[in-house]
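Descriptive analysis of the structure
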Amino acid sequence: MSKNYVLFNPLAGNKRCGTDIKMIEDLIEGEIVYCNMTKPETYSDILPEMQSGDILIVCGGDGTLKNALDNYRDKPIFFVPCGTFNETRHLGDSINFVGDCNGQSFGYVCATGSFTEIGYSTKCASKRRLKCFAYILQVFKWYKSHKIKAKINIDGKSFDGEYTLLMAIKNNTCFGFPFNKMYDKKPQPYLLGVKSCGNDSLFNRAKMFFPFFRIFFCGVRQPTVCKGWFMLPFDNATITLDKPRDFCIDGELRTFGGELRFTARTLTHPVTILDCPQNVKKHLRHTR
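Let me begin by describing the structure that accompanies this report. Given the structure is predicted, the values throughout are model-derived calculations rather than measurements.

What to know about the overall build of the protein chain
A count of helical and extended segments in the protein chain gives eight helices and 17 strands. When burial is assessed residue by residue, the protein chain has 52% of its 288 residues classed as buried. For the protein chain, long-range pairs separated by at least 24 residues make up 72% of all intrachain contacts whose partners lie at least 6 apart in sequence. In the structure as shown, the protein chain presents an accessible area of about 13,400 Å², 54% of it carried by carbon and sulfur atoms.

This is the structure we're talking about:
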């Protein structure tokens, strides 16, 4: 009899998580082992046992999937989106490759600076109650000018300076803004850098508005390098930070310092995205 593991995050922003798990019980053949994933560190506790399973089903948000990608790289993964935004859902029916930052996987984003705190600081209770509005309410709190001193190399080209936002994105959308118009034509990682306006002040916050409006509301349709910002596709990129910084990586908080190496990693088994849990059984037949 096959053994299947279901990772679920009961704190995910979408209340349908429990309903999906109940439906999966009726669809999967074989033994089902459930793992309640409320803390990333608990992965190491169950990792040895889960390596004996046949498949892994992830019910949660983008952060839950990110942790699964880090820990179960040789397993077929099925993802049932139960988060608030579920940005990885916009990638289609499957995920063939992920971003990689110093060995950490990211399905859609790895970023530091202005607004990125929203991704990991918004309370789970607020997300479950208010959905995407929970993030919107945090915008004014985290509307700040940052001075992130960084040495940047993108496929051999240097972009050293001070930035208020640094974002590696492997998607066409982030926080609900479908601004990366290049991704649909050329799916690969992109690096966005928005120059710093200086120390945080009302005046510099006002100056920040214009590049952010241009990028996130108007969208970026082609590789761009201009005075205030750049956005470029890359095969390999490095960011060397002046000091450790907090990053939002698929909604999870991670602190990085020193040299960060970004690239894309092809998955041995593409992640199958299941917006409709009834499709689980159909997809599982193809894996056996």
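A word on the side chain of Asp250
Tracing the backbone shows Asp250 in the loop between strand S15 (245-249) and strand S16 (252-256). In this structure Asp250 is buried but unpaired, with Lys66 as the nearest side chain of opposite charge at 6.5 Å. Of the polar contacts made by the side chain of Asp250, one reaches the backbone nitrogen of Val109; its length is 3.1 Å. Not counting the four nearest positions on each side in its chain, Asp250 is found in contact with Asp62, Gly63, Lys66, Phe106, Gly107, Tyr108 and Val109.

Overview of the nonpolar core
One finds Met167, Phe179, Leu192 and Met231 to be the most contacted residues of the largest nonpolar core, which totals 44 residues. Dropping the residues within four chain positions of it, Leu192 is found in contact with Leu165, Leu166, Met167, Phe179, Ile215, Phe216, Trp229, Phe230 and Met231. Grouped together as the second largest cluster of nonpolar side chains are 23 residues, Cys110, Ile152, Phe234 and Leu241 included.

Details of helix H7 (residues 202-217)
Between the first and last C-alpha of H7 there are 21 Å, a value that for 16 residues agrees with the 22 Å anticipated at 1.5 Å per step. Where H7 bends most, the angle comes to about 30°, and this point is Pro211. Within H7, the full set of buried residues consists of Asn204, Met208, Pro211, Phe212, Ile215 and Phe216. Turning to H7, the residues buried within the fold contact strand S10 (161-169), strand S11 (190-195) and strand S13 (229-233). Of the residues one or two after H7, Gly219 is the one with positive phi, at around 90°.

Describing the pairing of strand S4 (residues 77-81)
Within S4, five of the five residues are buried, leaving the element largely enclosed by the surrounding structure. Burial along S4 is two-sided: Ile77, Phe79 and Pro81 and Phe78 and Val80, pointing in opposite directions, are all buried. Strand direction decides the pairing type here: strand S3 (residues 55-60) and S4, joined by five bridges, are parallel. When the sheet's bridge partners are listed, Val58 is paired in S4 with Phe79. With respect to chirality, the unit in which S3 leads through helix H3 (residues 62-71) into the neighbouring parallel S4 is right-handed.

A short note on the environment of Lys157
In this structure, Lys157 sits in strand S9 (residues 157-158). Residue Lys157 is classed as exposed on the basis of its relative accessible area of 56%. Between the alpha carbons of Lys157 and Ala237 there is a distance of 9.2 Å; along the sequence they are 80 residues apart.

Details of the pattern of salt bridges
All told, the structure shown has six salt bridges when counted by the stated rule. We note a salt bridge from Glu259 to Arg261, for which the minimum N-O separation is 3.7 Å. Classification of Arg261 by relative accessible area gives partly exposed; the value is 45%.

A few points about a positive patch on the surface
Side chains of Lys181, Lys185, Arg214 and Arg221 sit close together on the surface and give a patch of like positive charge. Within the fold, Arg214 resides in helix H7. The partly exposed category is assigned to Arg214, whose relative accessible area is 35%.

Some points on the environment of Val33
Positionally, Val33 belongs in strand S2 (residues 31-36). Judged by its relative accessible area of 17%, Val33 is buried. It is 4.8 Å that separates the C-alpha atoms of Val33 and Tyr5, two residues lying 28 residues apart in sequence.

Definitions and limits used
- Here, residues in each chain are numbered from 1, in the same order as that chain's written sequence.
- Reporting of local features is limited, given that this is a predicted model, to residues whose pLDDT is at least 70; pairs of side-chain atoms are given and counted only at 80 or more, and all residues count toward the totals for whole chains, interfaces and linings.
- Remark: hydrogens and water are excluded; side-chain values derive from all non-hydrogen atoms of the structure.
- The helix and strand labels rest on DSSP assignments: H or I over at least four residues marks a helix, E over at least two residues marks a strand, and numbering proceeds from the N terminus.
- The buried label goes to any residue with under 20% of its type's maximum accessible area, the exposed label to any with over 50%, and the partly exposed label to all in between, with areas taken from a 1.4 Å probe on protein chains only.
- The contact definition used throughout considers only heavy atoms, calling two residues in contact when any of these lie within 4.5 Å.
- Using a 1.4 Å probe, the Shrake-Rupley method yields the accessible areas, and only the shown protein chains count as cover for residues.
- Charge counting follows a simple rule: Lys and Arg are positive, Asp and Glu are negative, and His as well as the terminal groups are ignored.
- Salt bridge, as applied in this entry: a Lys or Arg side-chain nitrogen positioned within 4 Å of an Asp or Glu carboxyl oxygen.
- Under this definition, polar contacts are N or O atom pairs within 3.5 Å; protein pairs additionally need one hydrogen-donor-capable and one acceptor-capable atom, and for neighbouring residues in sequence, both atoms have to be side-chain atoms.
- In plain words, nonpolar cores are sets of buried Ala, Val, Leu, Ile, Met, Phe, Trp, Tyr and Cys residues tied together by side-chain atoms within 4.5 Å.
- To estimate how far a helix should extend, the number of its residues minus one is multiplied by 1.5 Å.
- Two axes define the bend at a residue: one fitted to the seven residues ending there, one fitted to the seven starting there, and the bend is the angle between them.
- One bridge is not enough; two strands pair if DSSP finds at least two bridges between them.
- Every crossover in which the path from the first strand over the helix to the second runs clockwise, viewed with the strands pointing away from the viewer, is termed right-handed.
- Surface patches are defined over residues having more than 30% relative accessible area and no salt bridge, joining like charges when they lie within 9 Å and nonpolar side chains (Val, Leu, Ile, Met, Phe, Trp, Tyr) when within 5 Å.
- Here the site of a charge means NZ on Lys, CZ on Arg, CG on Asp, or CD on Glu.

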